[in-house]
Amino acid sequence: MKKTIGIFVLALLVFALSACNVDSTTTTTTTTTTDTTTTTETGYVYNPITVADYVLEEERLSFKFFWEVVNGDPTSAGYGMVSDRYNTATKTYGAASIASVGFGLAALPIGIENGWLSYQEAYERALGTMHTIENMQRTHGFFYHFVSMASSNRDGSSEVSIIDTAIMLCGMLTAGQYFGGEIQTIAEQVYQEVEWTWYYNDVRNQFYMGYTPESGFGGYWDSYAEQLMIYLLAAASDNYAVGKEAYDKMKAGSQRKSYGSSDFYYASYPGTLFTYQYSHAFFDFRTAFDQENINWFNNSVAASVAAYDYADLFLKNNYLTYVGGGWGNTASDGPDGYRAYGNLAAAGTIYIDGTLAPSGAIGSLPFVPDKAMEAFAYYESLEALQGKYGYLDSFNLGLTETASTSIIRPNRVIPVDGWFDTDVIGIDKGIEMVMIENYRSSLIWDIFMQNEIVQKGFEELGFTILS
């Protein structure tokens, strides 16, 4: 093991609905040991901080999703593919999501260090998944967003996704850095084969947002969102590098706003919290400053404070969902389907209807731990929110007695006891698992930041990382 310690956006989000339920595939089981101090290599001791039992349990159950909701048949062409979602009522899976695969690879070091599975089990899963990935369909190095659990081929009319490819690459580089050897070789080879320049408009200095063989490119990453990882990964490429001009153009096209007690920050168009979290699951921005002295960790702190204040100052007066201490709207299932639920401040129009996903606040745990823990305690108190893989994806408790008549409400009637999703979603379980672990131990940050590709990305974009 190597561990030398560091309006088109909404369309893509709604596309997640295409990961409809299908019959489940072969799975493996996880161990349930709870030892929290293990040594997996001479000279390295894993020693996380102590958290409430239910916080650790939510991380463990989220990890369990990535170990079990997977094609676990080593003879299958889809070995290691992780489902986009799991329905706890029907016990069925959706198509695989390459973003889920990325989080699934990051889950393996977490499982080892927490004693939830053996090193050998994790190594075999990592290596087998890497072999699957290197044989998957690619377009100029990029992968389809949704793929078959059985074959790992394109599912339906799924797009060739730059952002989901980036998330999977981050998981691959994490596993490669952790295990070393053939796993790292494959991870870095797959990364170097991604043709970032093909997915880039060098006249606009912007990456395209989506591509399908049938329709070509559509949309642009034209302002701040979850795509910081794209600029860093693309800048480090040996043969297909896209440099600092794309990063600078993104900043120039973004708006800085504030809400409540927050500082000013670069706001995403939909205001959903995942846009301030996904790149931070892997890249440690805590001491990284760009040439204009922007620190993206602090940016996410401010966005999280704003989301908390939005719930406290406005949402809880209208929606029962927030009365008990919930906050942090993000993209999730809702009574009317999958939506990008937003917070103020936002660069564009936000959508709310009283639906809340626990992953919003939990994904902000490293940014605002006290506020996230408030939400955690609230979610733990809701018995109907508990499931096999931790908290269900989302819930909606309806309106308060004093709710304004002008607020948005779901078309679907909310039951007296509230609406609770029956699904869990891989990317939401993933951001919970990784951010809880980063808060507890910095494990994924420490592994990922030691990768030479990652370090080169920061250097090419002109970041200074303080020691």
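Here, the structure is the one placed above.
Residues numbered from 1 in each chain as written. Predicted model: local features only at pLDDT ≥ 70, side-chain atom pairs only at ≥ 80, totals over all residues. Heavy atoms only, no water.

1. Some points on the pairing of strand 7 (residues 216–220)
Note the following rule: In this description, strands pair whenever DSSP reports at least two bridges between them. Think of it this way: any DSSP run of H or I at least four residues long counts as a helix, any run of E at least two long counts as a strand, and we number them from the N terminus.
Pairing analysis gives four bridges linking strand 6 (residues 206–212) to strand 7, with the strands arranged antiparallel. Across the sheet, the residue bridging to Y211 is F217, located in strand 7. Where strand 6 folds back onto strand 7 in an antiparallel hairpin, the turn is made up of three residues.

2. A look at the packing of aromatic side chains
Aromatic ring pairs are defined here through the distance separating the ring centres and the angle between the ring planes. Operational definition: Any two rings among Phe, Tyr and Trp, with Trp reduced to its six-membered ring, count as a pair given centres within 6.5 Å; such a pair is stacked if its planes are under 30 degrees apart, edge-to-face if over 60, and tilted if neither. Residue burial is assigned from relative accessible area. The probe radius is 1.4 Å, only protein chains are included, and a residue is buried under 20% of its type maximum, exposed over 50%, and partly exposed in between.
Going through the model one piece at a time under the given rule, you end up with 52 aromatic pairs. The interplanar angle of 15° and the centroid separation of 4.1 Å between the aromatic rings of Y208 and F217 together place this pair among those described as stacked. The class of F217 is partly exposed, set by a relative accessible area of 29%. Ring centres of F274 and Y278 lie 5.2 Å apart, and the angle between their planes is 50°; this geometry places the pair in the tilted category.

3. What about the nonpolar core?
The condition is simple: Take the buried Ala, Val, Leu, Ile, Met, Phe, Trp, Tyr and Cys residues and link them wherever side-chain atoms come within 4.5 Å; each set so joined is a nonpolar core. Whether two residues are in contact is decided by their heavy atoms, any of which lying within 4.5 Å being enough.
Judged by nonpolar contacts, the single largest core of 154 residues is most densely connected at I133, W196, F207, F283, F285, W296 and W327. Sorting elements by how many residues they give to this core places helix 5 (residues 162–179) first, with 12 residues. The contact partners of I133, leaving out residues within four places of it in the chain, are M81, V101, L105, R138, F143, M168, M172 and V190.

4. So, the pattern of salt bridges
To be explicit about the condition: In the sections that follow, a salt bridge refers to a side-chain nitrogen of Lys or Arg positioned within 4 Å of a carboxyl oxygen of Asp or Glu.
Applying the stated criterion across every chain, the model contains 16 salt bridges. Between D333 and R85 there is a salt bridge, with its nearest N and O atoms 2.9 Å apart. Pair noted here: D333 is in the loop between strand 11 (331–332) and strand 12 (339–340) and R85 is in strand 1 (residues 85–87), with a separation of 248 residues, a long-range link. Take D333 and R85: they sit in the same class, and that class is buried.

5. Remarks on the environment of V301
With respect to the element layout, V301 can be found in helix 9 (residues 296–318). In this structure the C-alpha to C-alpha distance between V301 and E226, which are 75 residues apart in sequence, comes to 14 Å.

6. Some details on the sheet that holds strand 17 (residues 423–425)
Each strand in a sheet pairs with another by means of backbone hydrogen bonds, the pair being arranged parallel or else antiparallel. Strand order across the open sheet formed by three strands is 2-1-17, with antiparallel pairing between neighbours. Single-partner strands in this sheet number two, and they are strand 2 (92–93) and strand 17.

7. Topic: the side chain of S359
Take S359: it is sitting in helix 10 (residues 358–362). On the basis of relative accessibility, which here comes to 3%, the residue S359 falls in the buried class.

8. Thoughts on the sheet that holds strand 5 (residues 200–201)
Strand order in the open sheet formed by three strands is 5-6-7, with antiparallel pairing between adjacent strands. Only two strands of the sheet have a single partner each, and these edge strands are strand 5 and strand 7.

9. Focus: helix 6 (residues 181–192)
Side chains of residues three or four places apart in an α-helix project in the same direction, reflecting 3.6 residues per turn. Quick reminder of the rule: A helix is expected to span 1.5 Å for every residue after the first.
Counted at 1.5 Å a residue, the expected span for helix 6 with its 12 residues is 16 Å, and the 17 Å between its end C-alpha atoms agrees. Next to the buried residues of helix 6 lie helix 4 (119–134), helix 5, helix 7 (228–235) and helix 14 (452–460).

10. Comments concerning the pairing of strand 6
By the criterion of burial, strand 6 is predominantly enclosed, with seven of the seven residues buried. Across two bridges, the pairing between strand 5 and strand 6 is antiparallel. Bridged to Y200 within strand 6 is F207. Linking two consecutive strands that pair antiparallel, namely strand 5 and strand 6, is a turn of four residues; a positive phi of about 60° is found at N205 within it.

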